[in-house]
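The primary structure of each chain is shown beneath.
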Amino acid sequence: MPEASVIGIKGDPIQVLWQKAQAGISSHYPSASDAMLRKVQTQLAHEMETVDVLGFAPYFLTVARVVDIIRDMGVRIQARGSGVGSVLNFLLGTSGVEPIENGLIWERFLSPERLTLPDIDLDVESARRHDIYRKVFEEFGGERVTLMSMTNQYRSRGAVRDAGLALGLPQEEIDRIAKELWRFSARGFRQALAEKPELGDIAAEVNERSDLDLLVHLTERLDSLPRHTAVHPCGVILSDASLLDRTPVQQSGMGLPMSQFDKHDMDPMGLVKLDILGVRMQSTMAHAVAEQARVTGERIDLDRIPLDDEPTFETIRSTRTLGIFQVESPGQMELVGKLQPRVFNDLTVDISLFRPGPMQNDMPRLYLEARHGEREPDYIHPRLMPILKETLGVVVFHEQVMRIIDELTGCGLGKADVIRRKLADAKLLPDIEVFVRQKALERGFPEAAIEKAWGVLSGFASFGFAKAHGAAFALPTYQSAWLKTHYPAAHIAGLLTHDPGMWPKDLLVAEARHLGVPLLPMDVQRSTTEYLLEPLSGGTVGVRMALTDLSGSTEKERERIVEYQPFSSLQDFRDRVRPRRSTFEGLARVGALDAFIEHDRNRRHELLAHVRRISAPPIRVPEGQQAFEFDLPVPRYGGIVSFDLHGRYQVDLELEELGIAIDTHQMKRFYPLFRELGVTPARDLLSLPSGTEVMVAGVRRATNTPPMRNGRRTVFVSLDDGTGLSNLVFFPDAQERIKNKIFRTNYMLVRGTTRRSGAKGISVTGQMAWDLLDLPPKPEKQEAQSTVRSRAAG
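Residues numbered from 1 in each chain as written. Predicted model: local features only at pLDDT ≥ 70, side-chain atom pairs only at ≥ 80, totals over all residues. Heavy atoms only, no water.

## Points about the pairing of strand E9 (residues 532–535)
- Sheet topology note: the E9/strand E10 (residues 541–544) ladder contains four bridges and is antiparallel. In the sheet register, Glu 534 faces E10, and the bridge partner there is Gly 542.
- Joining the antiparallel neighbours E9 and E10 is a turn of five residues, in which Gly 538 adopts a positive phi near 85 degrees. (Pairing = 2+ DSSP bridges. Helix = DSSP H or I, 4+ residues; strand = E, 2+ residues; numbered from the N terminus.)

## Describing the confidence of the model for the protein
- Chain-level statistics for the protein give a pLDDT mean of 89 and a share of 92% at 70 or above.
- This stretch, residues 778–794, has a pLDDT under 50; its non-local contacts, to residues over four places away or in other chains, come to 20 contacts. (pLDDT = per-residue confidence, 0-100. Contact = heavy atoms within 4.5 Å.)

## Side note on the packing of aromatic side chains
- In total, this model carries 14 aromatic pairs according to the counting rule given.
- Here the aromatic rings of Trp 106 and Phe 109 are separated by 5.6 Å at their centres, their planes lie at 75 degrees, and the arrangement is edge-to-face.
- The class for Phe 109 is buried, based on a relative accessible area of 2%.
- Between Phe 325 and Phe 473, the aromatic rings sit 6.1 Å apart at their centres with planes inclined by 55 degrees, giving tilted as the arrangement. Of this pair, Phe 325 sits in the loop between helix H14 (310–317) and helix H15 (330–339) while Phe 473 sits in helix H24 (residues 467–486), placing them 148 residues apart in sequence. For the pair shown, Phe 325 and Phe 473 are each scored as buried.
- Taken together, the ring pairs in this structure connect Tyr 59, Phe 60, Trp 106 and Phe 109 into an aromatic cluster. (Phe/Tyr/Trp six-rings, centres within 6.5 Å; stacked < 30°, edge-to-face > 60°. Buried < 20%, exposed > 50% of the residue type's maximum accessible area, 1.4 Å probe, protein only.)

## Digging into unusual backbone geometry
- That bond from Gln 565 to Pro 566 is cis: its omega, -10 degrees, falls within 30 degrees of zero.
- In this fold, Pro 566 is placed in the loop between helix H27 (555–564) and helix H28 (570–577).
- Of note in the backbone geometry, Arg 578 takes a positive phi value of approximately 55 degrees without being a glycine.
- With respect to the helices and strands, Arg 578 occurs in the loop between H28 and helix H29 (581–589).

## Focus: the sheet that holds strand E13 (residues 725–730)
- Spatially, the five strands close up into a barrel ordered E11-E12-E13-E15-E14, and their pairing is mixed. Each adjacent strand pair in this sheet contributes to an overall mean axis angle of 55 degrees, direction not counted.
- Bridging between strand E11 (residues 693–704) and strand E12 (residues 715–720) involves five bridges; their strand directions are antiparallel. Bridge pairing in E12 links Arg 700 to Leu 719. (Axes fitted to C-alpha atoms, helices over the stretch in contact; angles between N-to-C directions.)

## Considerations on the sheet that holds strand E8 (residues 519–520)
- Pairing is mixed across the open sheet formed by three strands, whose spatial order is E8-E10-E9. Two strands close off the open sheet at either side, each with one partner strand: E8 and E9.
- Packing against the sheet, helix H13 (residues 280–296) makes contact with E9 and E10, and its axis sits at approximately 25 degrees to E9.

## Considering the pairing of E12
- The element E12 is extensively covered by neighbouring structure, given that five of its six residues are classed as buried.
- Two strands pair when backbone bridges link them, and E12 and E13 are joined in this way by six bridges, in the antiparallel orientation. Across the sheet, Phe 716 pairs through a bridge with Val 729, a residue of E13.
- The turn joining E12 and E13, which pair antiparallel and follow one another in sequence, is formed by four residues; a positive phi near 95 degrees is taken by Gly 722.

## Focus: the packing of H29 against helix H30 (residues 604–614)
- Relative orientation of the contacting elements H29 and H30 amounts to 170 degrees, with a least axis distance of 9 Å. Judged by the angle between their axes, H29 and H30 are roughly antiparallel. Crossing hand, H29 versus H30: right-handed. Seen from H29, the contacting residues are Arg 581, Phe 584, Glu 585, Ala 588 and Arg 589; seen from H30, they are Arg 604, Leu 607, Leu 608, Val 611, Arg 612 and Ile 614.
- Here the residues of the contact of H29 with H30 sort into six nonpolar, no polar and five charged. (Parallel < 35°, antiparallel > 145°, perpendicular 65-115°, else oblique. Left-handed = near helix turned anticlockwise from the far one by under 90°. Nonpolar A, V, L, I, M, F, W, Y, C, P; charged D, E, K, R; others polar.)

Below, the structure written as structure tokens:
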């Protein structure tokens, strides 16, 4: 670890660490009862004893120093991982989650029985991650710090692109094929061609062309092979001045040195890494808080907000969770709708259940049935009830397994964690079983309870999740939900600026409309490279669209616009910004130059014509003739029509130039057709019972093919119709009928059946789908229309 002088300590590190921890009690437990303070002191003494035995005081002091450096930079930071279970980390300010009341365990993080080095992960603002790296180098010195490297391996799209280039295939053809490879591994390319109906066209081409057949062969061979060395996304190695004697380094793409060792080499080489991971939601929240302070003067401390705010939980329970960390996916919308979180721990449980292992082992269903009284919780034995009560008899967390092992055997939590880790090794299970059964009998457990407990423990390795991880994720989940509930405009500004989630910006803009947040169009007099709050009359605030989304504009052009604002005229804008003609015309088409025509959108034909005139190549003036250029307003040409604008909706221009529909929702122009076809709006689906035949439609917002318990591929599609999201499920039989439209159709019409799941959960099982932009009078469509019309008539 870095020398004591480098981390700013004098004397015995363990004494310094104890003093720092004690100093944090008053600020982290300001209103705690005497009983709670005694628990804190007891737990802190226990943790400090372990730290002393293992000699890890310099490690904790070093991490605390890094955390202080980051906070002094004004950057949001939150610890993640098993280190969140430490009272010591909480008191040092490294973690923001209180571990005792959340039922977290120190031994899941560190104990004398464990043979691995401690590992504390820090989530920081993604927009500031590189700044943090440079600051750490500056504070500790380049001889003590290096970034960690990783070996990037070939995945599907990279493999087919490099193989296609090697074969000399046209770029357009490579791109067309690569777009289809996101749903399976490169190694399964040929199998996918044989099995997946949407790949039928490509499969036929492969059968006819030897070069494409070779492309498939090479792509499969490249799968998982090393491609290049890159900077690890979060690993920073800290040591003393001898670091460069113990690891080779090379220059990284960001200009800082990186070790040629990867994460698997850390423990064998005795190197300690600190994971500093950039998280976009942290940047989103930081931006929201900063904007609220800039516009209103109100300073929000997200780390001090109460964790029992009922309106915040109501927002989550409503399932309108777009822009809320960890719970905004279609699957999580359904789960929170069923679970209906009411306290902070419910968020920890929800996040922990929504993991591949728990999902594949059907744990969410078991938990929800017990939560809603559909079955009695099974606590195995009364002595295990305190351990399993919070999850209603379903073993969800690593910490629960550790406590069960400890209760059955009396081995202590440190050894229990070692045993928990060994449960994943089938070869070790027989010896563990003998130990657990023998000790449990000695401690008075009946055979039936031991049998049932061992059944749970032996099968746990495939689906466990650390509660410390879940609690660490739950905190920004709650914080982002709190912001959305109480400061929706600031939250939307942060989301649009830092784009932290799975949804396109256009859907976030639609969510802003639902929340009643005014959206202010792009304006070269006001817009910047970020989405900013802007005060409006009546004490409200709106969100001003940023310049960054203008298609084809360059960073330099955008920087000059911000630098030279405001502009006295269109010619002044042209002369100082020097935009390329494509950028100039794009700004005119989306209304960003409306300030020069008194914000009269009916004059945009004149504006665009004038932009083209003043951005045309200069005319050579004969020698001896004097030339004048006057700074005139946009003239009224009278009756002029630009074919770029004529007959086109404003929303079309915005989608083309910005990718975002600011003026209105892009699906509104389809509403007459929806009424004709009997389409059910997304907002009305929740009022329908299960089994109702419906037609739904919208623009595609997400497509997922997660692993399923039965091994059969299921496709999940989310459509947005302007009133909300419709979540659709397509099973293999429907996929066979729909073929590639299930993945390629942007504006989709679907016939299906509703499926209710809990108080706020509903989805549609799709049976057939069509492209809204291509609805010829086919038999299938006529059947769909007649079905809907007859039901409406009935």
